[in-house]
Amino acid sequence: MNQVGSVSLIASLAFAAFALVAGAVGGKLRSTRITRSAERATLGFFLMITLAVVALEYMILTNDFHNAYAAEHSNRDLATFYKVAALWAGQEGSLLFWTWLLSIYSALVVWQNRNKNRQLMPYVVSVLMGVGTFFSLLVFFVANPFQELNLVSSAGARAYSAADGNGLNPLLQYHSMVIHPPMLYLGYVGMVVPFAFCMAALITRQLGDNWIRITRRWTMVPWMLLGTGILLGGNWAYAVLGWGGYWGWDPVENASLLPWLSGTAFLHSVMIQEKRGMLKIWNVSLVILTFFLSIFGTFLTRSGIVSSVHAFAQSQIGPFFAVFLGIILFFSVTLLFLRLDHLKSENKLDSMVSRESGFLFNNWILLALVFAVFWGTLFPVISKAVENTTVTVGAPFFNKVAIPMGLLLLFLTGAGPLLAWRKTSFQSLKGNFTVPLVVAGLVGVVLFAKGVRDFYAWMTFFLSVFVMVCIVAEFWKGALTRMRLAKENFFVAIYTLTMRNTRRYGGYVVHIGIVLLFIGFAGQAFKTEGKGLMQEGDILQVGNYMLRCDGLTTGDTPNYEYTRALITVTKNGEAFTTMHPEKRFYKASQQPTSHVAIHPTLSEDLYVVLAGIDQDTGKGIIQVFVNPLVSWVWLGGLVTLLGTLLSMVPSRIEREMAEIRQSQELTVQAGDAY
Amino acid sequence: MRIKEKYGVRSPGSGVPIQSRGSVRGGLRIVLFTVSLLAASMALGDNSRTPTMEVIGNEVQCTCGCNAPLNGCPHIDCAEKAQMQALIKKEIADGKDETTILQDLSLKYGLQVLSTPPAHGFNLSIWILPGIGLLAGLALVVFIARRWKIKPALVSAGSAKPLDPKVLSAMEDEMKSTGMKEEPRI
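Residues numbered from 1 in each chain as written. Chains lettered and ligands numbered in written order. Predicted model: local features only at pLDDT ≥ 70, side-chain atom pairs only at ≥ 80, totals over all residues. Heavy atoms only, no water.

Engineer: Is there a simple way to explain the overall build of chain B in this structure?
Structural biologist: Helix and strand counts for chain B stand at 6 helices and 0 strands. Ordered by position from N to C terminus, the α and β elements of chain B give α-α-α-α-α-α. Counting every position in chain B, which comprises 186 residues, the buried fraction comes to 36%. Across chain B, contacts joining residues at least 24 apart in sequence account for 42% of those joining residues at least 6 apart. (Helix = DSSP H or I, 4+ residues; strand = E, 2+ residues; numbered from the N terminus. Buried < 20%, exposed > 50% of the residue type's maximum accessible area, 1.4 Å probe, protein only. Contact = heavy atoms within 4.5 Å.)

Engineer: Would you explain the overall build of chain A in this entry?
Structural biologist: Each helix and strand counted, chain A has 20 helices and 12 strands in total. Relative to the compact-globule value of 26 Å for 674 residues, chain A shows a C-alpha radius of gyration of 27 Å, a close match. Long-range pairs, those at least 24 residues apart, make up 72% of the contacts in chain A with a sequence separation of at least 6. Accessible area of chain A: about 26600 Å², with a carbon and sulfur share of 63%. Distance between charge centres in chain A, computed from 49 positive and 37 negative side chains, equals 13 Å. (Rg over C-alpha atoms; globule rule 2.2 N^0.38 Å. Areas by Shrake-Rupley, 256 points an atom, 1.4 Å probe, with all protein chains shown as cover. Lys, Arg positive; Asp, Glu negative; His and termini not counted. Charge placed at Lys NZ, Arg CZ, Asp CG, Glu CD.)

Engineer: Would you mind showing me how to read the pattern of salt bridges here?
Structural biologist: Residues and elements named next belong to chain A. One pass over the full model with this rule turns up 17 salt bridges over all chains. When the shortest N-O distance is used, the salt bridge between Glu39 and Arg36 registers 3.2 Å. Here the residue Glu39 and the residue Arg36 both occupy positions in helix α2 (residues 32-61), the gap between them amounting to 3 residues, near one helical turn. Between Asp550 and Arg548 there is a salt bridge; the shortest N-O distance is 3.0 Å. Here Arg548 falls in the partly exposed class, since its relative accessible area comes to 37%. It is possible to trace a salt-bridge network through shared partners that takes in Arg36, Glu39 and Arg118. (Salt bridge = Lys/Arg side-chain N within 4 Å of Asp/Glu carboxyl O.)

Engineer: Would you mind going over the sheet that holds strand β10 (residues 597-600) of chain A with me for this structure?
Structural biologist: Through backbone hydrogen bonds, the strands of a sheet pair up, either in parallel or in antiparallel fashion. All names here are of chain A. Pairing within the open sheet is antiparallel, and its 4 strands lie in the order β3-β12-β11-β10. At either end of the open sheet lies a strand with only one pairing partner, and these are β3 (528-534) and β10. Going from strand to strand, the sheet's axes swing by 15° on average, the running direction of each strand aside. Pairing of β10 with strand β11 (residues 604-613), which is carried by 4 bridges, proceeds in the antiparallel orientation. For Pro600, the partnering residue across the bridge sits in β11 and is Asp605. (Pairing = 2+ DSSP bridges. Axes fitted to C-alpha atoms, helices over the stretch in contact; angles between N-to-C directions.)

Engineer: I keep staring at the confidence of the model for chain B and nothing clicks. Help me out?
Structural biologist: The predicted coordinates should not be examined in detail at positions where pLDDT is low. All names here are of chain B. In the predicted model, chain B carries a mean pLDDT of 69, and 54% of its residues have values of at least 70. The low-confidence segment residues 1-21, where pLDDT is below 50, has 39 contacts with residues more than four positions distant or belonging to other chains. Predicted confidence is poor over residues 152-159, with pLDDT under 50, and the contacts of this stretch with residues over four places away or in other chains come to 12 contacts. Prediction confidence for the complex, expressed as pTM and ipTM, is 0.84 and 0.75 respectively. (pLDDT = per-residue confidence, 0-100.)

Engineer: So what exactly am I meant to see when it comes to the nonpolar core here?
Structural biologist: Burial of nonpolar side chains together is a common tendency in soluble globular proteins. All names here are of chain A. Within the largest apolar cluster, 205 residues are counted, with the highest numbers of intra-cluster contacts made by Leu96, Trp98, Val124, Phe135, Phe197, Ile295 and Phe321. At 17 residues, helix α9 (residues 209-241) tops the list of elements feeding residues into this core. Setting aside its immediate chain neighbours within four residues, Phe321 contacts Leu95, Phe134, Phe135, Leu138, Ile295, Thr298 and Phe299. Counting 17 residues, the second-largest nonpolar core is a separate cluster that includes Tyr545, Val569, Leu610 and Val624. (Core = buried A, V, L, I, M, F, W, Y, C linked by side-chain atoms within 4.5 Å.)

Engineer: Where do I start with empty space enclosed by the protein in this structure?
Structural biologist: Picture a little ball the size of a water molecule; that probe, rolled over the atoms, points out where space is still empty. Residue and element names in this part refer to chain A. Per the counting criterion, the structure on display carries 2 cavities of 30 Å³ or more. In this model, the second largest cavity occupies a volume close to 30 Å³. As for the second largest cavity, its lining consists of Met191, Pro194, Thr219, Phe266, Leu286, Val287 and Thr290. If you tally residues by element for the lining of the second largest cavity, the top one is helix α11 (residues 280-303), at 3 residues. Residue composition of the lining of the second largest cavity, by class: 5 nonpolar, 2 polar and no charged. (1 Å grid on protein atoms, 1.4 Å probe; cavity = no way out; pocket = protein on both sides within 12 Å on 5 of 7 lines; lining within 4 Å. Points joined across faces, edges and corners; volume = space filled by probe spheres on them. Nonpolar A, V, L, I, M, F, W, Y, C, P; charged D, E, K, R; others polar.)

Engineer: Is there a simple way to think about the packing of aromatic side chains in this case?
Structural biologist: Two numbers describe a pair of aromatic rings. These are the distance of the centres and the angle of the planes. All names here are of chain A. Scanning the entire structure with this criterion turns up 44 aromatic pairs over all chains. A ring pair is formed by Phe299 and Phe321, whose centres lie 6.4 Å apart and whose planes are at 40°; its orientation type is tilted. Separated by 22 residues along the polypeptide, Phe299 in helix α11 and Phe321 in helix α12 (residues 318-338) bring together distant segments of the chain. Phe299 gets classed as buried once you look at its relative accessible area, which sits at 10%. Take Phe321: its relative accessible area is 0%, and that puts it in the buried class. Ring plane angle 80° and centroid distance 5.6 Å describe the contact between Phe490 and Phe491, whose orientation is recorded as edge-to-face. On the basis of relative accessible area, Phe491 is assigned to the exposed category, the value being 66%. Through a chain of ring-to-ring contacts, the aromatic side chains of Trp98, Phe134, Phe135, Phe296, Phe299, Phe321, Phe324 and Phe374 assemble into a single cluster. The positively charged end of Arg114 is found above the aromatic ring belonging to Trp111, 4.6 Å away from the centroid. Directly above the ring of Phe448 sits Arg453, whose terminal nitrogen or CZ lies 3.9 Å from the centroid. (Phe/Tyr/Trp six-rings, centres within 6.5 Å; stacked < 30°, edge-to-face > 60°. Lys NZ or Arg CZ within 6 Å of the ring centre and 35° of its normal.)

Engineer: Hey, could you run me through the side chain of Asn113 of chain A in this one?
Structural biologist: All names here are of chain A. Tracing the sequence through the fold places Asn113 in the loop between α5 (91-112) and α6 (121-142). Overall, Asn113 belongs to the buried group, its relative accessible area being 2%. Only 2.8 Å separates the side chain of Asn113 from the backbone oxygen of Val109, close enough to count as a polar contact. Those residues in contact with Asn113 that lie beyond four places of it in its chain are Arg118, Met121 and Phe197. (Polar contact = N/O pair within 3.5 Å; in protein donor to acceptor, adjacent residues only side chain to side chain.)

Engineer: Can you walk me through the confidence of the model for chain A in this structure?
Structural biologist: Predicted confidence across chain A gives a mean pLDDT of 88, with 95% of residues reaching 70 or more. Helix α20 (residues 652-673) of chain A is the least confidently modelled element of chain A, averaging 61 in pLDDT, while helix α19 (residues 630-648) of chain A averages 95, the highest of any element.

Engineer: Would you take a moment to explain α19 of chain A for this structure?
Structural biologist: Working note: α-helix, 3.6 residues per turn, so residues spaced by three or four point in the same direction. With 19 residues, α19 of chain A extends 28 Å from end C-alpha to end C-alpha; this agrees with the ideal 27 Å at 1.5 Å per step. On its buried side, α19 of chain A packs onto α9, α17 (490-500), α18 (502-522), β10, β11 and β12 (620-628) of chain A. (Expected span 1.5 Å × (residues − 1).)

Engineer: I would appreciate a short explanation of unusual backbone geometry in the present structure.
Structural biologist: Across the chain, the bulk of peptide bonds are trans and the bulk of non-glycine residues have phi less than zero. Residue and element names in this part refer to chain A. Its identity is not glycine, yet Trp249 carries a phi of approximately 55°, on the positive side. Within the fold, Trp249 resides in the loop between α9 and α10 (251-276). Positive phi is not limited to glycine here, since Asn572 has a value of about 50°. Tracing the sequence through the fold places Asn572 in the loop between β6 (560-571) and β7 (574-579). Accessibility expressed as a relative area gives 57% for Asn572, which makes it exposed.

Engineer: Looking at this model, I keep getting lost on α12 of chain A. Mind explaining?
Structural biologist: All names here are of chain A. When the terminal C-alpha atoms of α12 are compared, their 30 Å separation across 21 residues agrees well with the 30 Å that a helix rising 1.5 Å per residue should span. Burial in α12 covers these residues: Gly318, Phe321, Phe324, Leu325, Ile328, Ser332, Leu335 and Leu336. The arc that holds every buried residue of α12, seen down its axis, measures 135°, which confines them to one face. Exposed and oriented more than 90 degrees from the buried face of α12 are Pro319, Val323, Phe330, Phe337 and Leu338. (Arc of directions from axis to C-beta.)

Engineer: Got a minute to help me understand a nonpolar patch on the surface in this structure?
Structural biologist: Residue and element names in this part refer to chain A. Together, Val7, Ile10, Leu137, Phe141, Val142 and Phe320 make up a nonpolar patch on the protein surface, roughly 530 Å² of accessible area in all. For the nonpolar patch, the secondary-structure elements that each account for two or more residues are α1 (2-29) and α6. At 3 residues, the largest contribution of residues to the nonpolar patch is made by α6. Looking at the secondary structure, you find Ile10 in helix α1. Exposure remark for Ile10: the relative accessible area of 37% places this residue in the partly exposed category. (Patch = residues over 30% accessible without salt bridge, like charges linked within 9 Å, V, L, I, M, F, W, Y side chains within 5 Å.)

Engineer: Quick question: what am I supposed to make of the environment of Gly93 of chain A here?
Structural biologist: Residue and element names in this part refer to chain A. Inspection of the secondary structure puts Gly93 in helix α5. Residue class for Gly93 comes out buried when judged on its relative accessible area of 0%. Along the primary structure Gly93 and Asn347 are separated by 254 residues, whereas in three dimensions their C-alpha atoms are 49 Å apart. If near-sequence neighbours (up to four positions away) are discounted, Gly93 is found in contact with Leu56, Tyr69, Leu87, Trp88 and Pro145.

Engineer: Looking at this model, I keep getting lost on the environment of Ile598 of chain A. Mind explaining?
Structural biologist: Positionally, Ile598 of chain A belongs in strand β10. For the pair Ile598 of chain A and Tyr238 of chain A, spaced 360 residues apart in sequence, the C-alpha to C-alpha distance is 9.6 Å.

Okay, structure coming up:
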């Protein structure tokens, strides 16, 4: 199987390199035949990489420990579920996985555009396969997962099969880790598609409405997947690392946040280009930046230039990525400069109080946040280079910088959509803002009276109410009008309203999700915790919860041994729940982990960790966190996901516009033919 | 033909005010509001705190190599974490304030034990540059906006293409259904 994998890798490299060249030549010569050939090579690339992935998964699933990667990242007793996930547990496998996802995206683009965007496609294929060639080279020559396990002796090296593997890193043996990396990678890799269309549009000077429409849709998909991946990663950190939090501003976490933030900026500013023909240079720059940050994220995760709790796979591939990043930047920025004449704004700003200026402010804050997070993440490396001192930039810095900016963004989430295009009158502002501000103010007063004194938390709740009222008012006003004009009942009116303009109302649903996320973040200000040594009969009081230990039990599974605490919880004197936190010891990797017990409710999570056994007393070390509003974070993520999906459904208006566009294109084609 | 640009003049082609003093003032108000909100957030959010294990534990990194704050060290039975916590507990019991405790910890474990570098020398740039970036971004936004506004594109009424009746009808439907009176907010 190692040979099958290696042969398919070299074949995929050949296909990618051919498609890269043929795409460019096909585009230059305007040759349909050569372009089709490049597209078929892209499909060949997809098939070969898929074969390589199947070969590696086959070896992992069948415990073929001739393969060094399988021996390093799997073992016989590992559940099948996790064996599948071993593909992306190590450096070589995860790069192969990255390349495979790229091949899937590329094949999808080729298939979807087989009869359209024919002028752009040669260069789209060329750019996609340029990236494919880089990753194929990396996977084949630098991080090949099809290495045989060798036994080195004085007689030389010979092929060898281990009796069992080292097993998967215990921290990765958690259900969301099976889906978190694929989501994150789908997000990272997917950003290559908008980049490819953007580059193709620049090369061909086809910088009209078409490329921006394609790019927006192709950005929404990876943006949504990246966001989901980030939240799943937070869920993993929350449930596995045992420190009671879900976001620690770790460099690898930051690396995933950066393209998401710049992608968010693009998804907003693109609307100005679609509606007003403005911000064209800015939008191209954002597409380039987002792709650059996606590759930068992979570089940061893989190179080990900064230390991270998430860096499970590091090696000396940093310089290759650095060169590739340099090539991307040089190629794309040069092209942008060469096409500046084609990117002139079609309209001017009518007023500073308008939807356009709202988007400008939104982009300003988002990009400032990108810069601050980027700077903070890389500062230890820069400080080491400049002053030769090792410093750490952790959560306090990022919280101090990001929270105020986040609050401004939250304000704009509510205020932006209330501004009209071109110009908003003072009367309109007053009419739209008065009720939300009054309601938010009243809630703010109540919260203050109830004892909410943390400024950031109070501000978050105040702004959350403001934004929610703004959004609800938009739905309400629209529904009332439909009820009056179309004689629909309220629910039908809401449904029809949403489906008539899914993009607008889907966007509002995304904003609701963001509000829920912020409410969840604010909950961190009210976190309480307690710690105690417990054995049967011991009691620990944390906040309103009383935890009674009913004993410590031990057990054994093929994969790990465990010690489990049996804990009965009462809340305000009434029976609440039973919880069973575990401390596990994984046999293959010889590593201990904690298996946290979480009882989630909408108001707060009770989070119990069996941190270990006290050597002196033999009692369990129990750590308890009461984490308010954490469920709102996951709920917010889900609502954001649903809102994004909704906004991708073509609405009636969009379908009508598409029909008009299609009929106009047909007319033009008929005219050309005539 | 170019017309002299004045505040409040209407573009003859569009009938839309090119710009007005009111809108500039409104824009400035928004910028001022934004900046003051940001400044207030930063100032008010930075409450002086009494030193507790939770506060200090978030300000320093665990020295075991986990790259996590002391409070967030994922290692079970971490000896380094226990040692650091014991030291912090003792300093709190001695009545020392947050700054002194952090200084003592950085003397014992090195500068990298602090979750953020102290704000002096080159390390000051970590705090300054995001602020500069923010202001430079604001300057850029204002510059772009002013540039756009100073040179309004004049399109004569006769040169505009008539809107496709289907598009017009779709827009009118949308405006009716959402009760919009001003600009269509699609």
